[in-house]
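Close look at the chain arrangement
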Amino acid sequence: MHLEIATEPAHPQRPNEDFTAASPTAVVLLDGAGTPAGSESGCTHGVAWYVSRLGVSLLGAVTNQPDRALTDCLADAIAQTAEVHADTCDLTHPGTPSATVVAVRLADEAVEYLVLADSTLVLEHTDDRGPVAVTDDREAMVGAALRGAMDVETAGTAEHATALRDYVEAMRAHRNQPEGFWVAAADPAAAYASLTGSVPRAALTGVTLLSDGASRLVDRFELADWAEALRLIREQGPAALIREVRAAELSDTEGRRWPRGKTHDDTAVVRVTL
């Protein structure tokens with residue numbers, strides 16, 4: 001296994017709320033849900049703290065319990081992380097820190113995976129079917145009906161900031177609800193809403209994990225398809241994809257071409273060559 005990682009915060013002066021970690025048999029990527037200015041979370045620690053605690057716990061479970069289902073590993077990690085700050089924070093607050101999750105276990109015969117919320121796992125097969133992207137679009141489906149007021153405002157303005165805060169708070173009512181979308185937060189039950197699967201290891205040449213800040217070059221900006229994005233990563237490394245994302249963002253700082261909540265987002269890319 002050969003591993004390459006690149007990650008970059010949206011702004012140098014702010015903590016990176018994406019998290020990646022790996023062991024010889026496992027890789028995890030988490031993307032924390034940021035709290036807009038003016039919104040509360042009920043947590044004194046913050047999103048970056050939450051994703052690192054959850055990510056470390058999850059990597060340990062996936063690595064050290066090879067026969068345990070990935071959903072069970074994630075449920076245990078969520079419960080353990082919640083226990084750490086249950087006495088100091090209000091975990092029932094609708095804005096309690098949360099994260100997307102991608103986890104991959106590299107067994108001798110198979111590659112197991114779990115995807116929760118809108119980060120992406122791309123599987124590269126040995127045959128000619130092309131790359132297969134696995135992502136959970138339930139959050140996007142809920143958000144499509146709620147983001148209209150935000151998308152018409154110019155990014156960077158006070159009006160856009162207000163609309164973003166209203167959008168995030170509206171989305172919280174649908175978080176971890178049967179007809180809404182699921183993320184890792186304080187309830188271990190969310191783990192069992194993950195997308196999971198297993199692929200024979202011999203059928204893959206590699207896998208790539210991306211936070212939605214990195215995948216936006218393909219799935220939001222539509223400036224490349226997955227084959228082109230993976231070719232860029234293979235030839236120039238994961239950081240090259242992030243550079244392309246930043247160039248696109250800088251070409252549309254007001255969000256006219258690509259309306260979005262964040263002009264720049266945290267980015268993380270993990271490339272695993274088998």
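For the structure itself, look to the data block above.
Throughout what follows, the structure given in this document is the object of discussion. (Residues numbered from 1 in each chain as written. Predicted model: local features only at pLDDT ≥ 70, side-chain atom pairs only at ≥ 80, totals over all residues. Heavy atoms only, no water.)

**As for the layout of surface pockets**
Our working definition: Residues are said to line a cavity or pocket when one of their atoms sits within 4 Å of a point; the points come from a 1 Å grid over protein atoms alone, cavities being sets where a 1.4 Å probe fits but cannot get out and pockets being open sets with protein on both sides within 12 Å along at least five of seven lines. Grid points are joined across faces, edges and corners, and a volume is the space filled by probe spheres set on the points. The residue classification treats Ala, Val, Leu, Ile, Met, Phe, Trp, Tyr, Cys and Pro as nonpolar and Asp, Glu, Lys and Arg as charged. All others, Gly included, are polar.
Roughly 190 Å³ of internal volume is contained in the second largest pocket. The wall of the second largest pocket is formed by Leu-91, Thr-92, His-93, Pro-94, Thr-96, Arg-172, Arg-175, Asn-176, Gln-177, Ala-185, Ala-186 and Asp-187. A class-by-class count of the residues in the lining of the second largest pocket yields four nonpolar, five polar and three charged.

**Looking at the pairing of strand 10 (residues 267-273)**
Operational definition: Remark: exposure states derive from per-residue accessible area (1.4 Å probe, protein chains only) relative to the maximum for the residue type, with buried under 20%, exposed over 50%, and partly exposed in between. The numbering of helices and of strands both runs from the N terminus, where a helix is a DSSP run of H or I of at least 4 residues and a strand a run of E of at least 2. Two strands qualify as a pair provided DSSP detects at least 2 bridges between them.
Most of strand 10 is tucked away, with six of its seven residues classed as buried. For strand 1 (residues 2-8) and strand 10, the ladder comprises seven bridges, and the chain directions are antiparallel. Paired with Leu-3 across the strands is Val-272, a residue of strand 10.

**Some points on the packing of helix 6 (residues 212-219) against helix 8 (residues 238-250)**
Heads up, the condition is: Here an axis means a line fitted to C-alpha atoms, over the contact stretch when the element is a helix, while the angle between two N-to-C directions is reported on a 0 to 180 degree scale. Angles below 35 degrees are treated as roughly parallel, those above 145 as roughly antiparallel, those between 65 and 115 as roughly perpendicular, and all remaining angles as oblique. Note on contacts: a residue pair is in contact if any heavy atoms of the two residues lie within 4.5 Å.
The N-to-C vectors of helix 6 and helix 8 enclose an angle of 70°; their axes lie 9 Å apart at closest approach. One finds that helix 6 runs roughly perpendicular with respect to helix 8. On the side of helix 6, the interface is formed by Gly-213, Ala-214, Arg-216 and Leu-217, while helix 8 contributes Leu-241, Glu-244, Val-245 and Glu-249. For the contact of helix 6 with helix 8, a count of residues per class yields four nonpolar, one polar and three charged.

**A look at the sheet that holds strand 4 (residues 99-106)**
Strand order in this open sheet of five strands is 2-3-4-5-8, and the pairing throughout is antiparallel. On the outer flanks of this sheet lie strand 2 (18-23) and strand 8 (195-200), each paired with one strand and no other. Taking each pair of neighbouring strands and ignoring which way they run, the sheet shows an average axis angle of 10°. The pairing of strand 4 with strand 5 (residues 110-116) spans six bridges and is antiparallel. Paired with Val-102 across the bridge in strand 5 is Val-115.

**Considering the sheet that holds strand 7 (residues 132-135)**
In space, the five strands of this open sheet follow the order 1-10-9-6-7, with antiparallel pairing throughout. At either end of the open sheet lies a strand with only one pairing partner, and these are strand 1 and strand 7. Taking each pair of neighbouring strands and ignoring which way they run, the sheet shows an average axis angle of 15°. In this structure, strand 6 (residues 120-125) lies alongside strand 9 (residues 204-210), joined through six bridges in antiparallel fashion. Considered in strand 9, the bridge of His-125 is made with Leu-204. The strands touched by helix 7 (residues 226-236) are strand 6, strand 7, strand 9 and strand 10; relative to strand 6, the strand with the most contacts, the crossing angle is about 85°.

**Here we look at the packing of helix 7 against helix 8**
Where helix 7 contacts helix 8, the axes come no closer than 6 Å and their chain directions differ by 130°. Taken together, the axes of helix 7 and helix 8 are oblique relative to one another. Across from Ala-229, Leu-232, Ile-233 and Gln-236 in helix 7, the residues of helix 8 making contact are Pro-238, Ala-240, Leu-241, Arg-243 and Glu-244.

**Things to note about the pattern of salt bridges**
Pairs can form between side chains of opposite charge once their charged atoms are near each other. In plain terms, the rule: We count a salt bridge whenever a side-chain nitrogen from Lys or Arg sits within 4 Å of a carboxyl oxygen from Asp or Glu.
Scanning the model with the defined rule gives 13 salt bridges in all. Ionic pairing is found between Glu-124 and Arg-234, a salt bridge with its closest N-O pair at 3.0 Å. Separated by 110 residues along the polypeptide, Glu-124 in strand 6 and Arg-234 in helix 7 bring together distant segments of the chain. For Glu-124, a relative accessible area of 8% puts it in the buried group. A salt bridge links Asp-252 to Arg-260, with the nearest nitrogen and oxygen atoms 2.9 Å apart. Per residue, the accessibility class of Asp-252 equals that of Arg-260, and both read buried. Overlapping salt bridges bring together Glu-8, Arg-216, Arg-246 and Glu-249 as one network.

**Quick notes on the pairing of strand 4**
Consecutive side chains along a regular strand alternate between the two faces of the sheet. Across the eight residues of strand 4, eight count as buried, placing the element largely inside the fold. Going residue by residue along strand 4, you find Ala-99, Val-101, Ala-103 and Arg-105 tucked away on one face and Thr-100, Val-102, Val-104 and Leu-106 tucked away on the opposite face as well. Sheet topology places strand 3 (residues 26-32) next to strand 4; seven bridges connect them, and they run antiparallel. Paired with Leu-30 across the strands is Val-101, a residue of strand 4. Two successive antiparallel strands, strand 4 and strand 5, enclose a turn made up of three residues.

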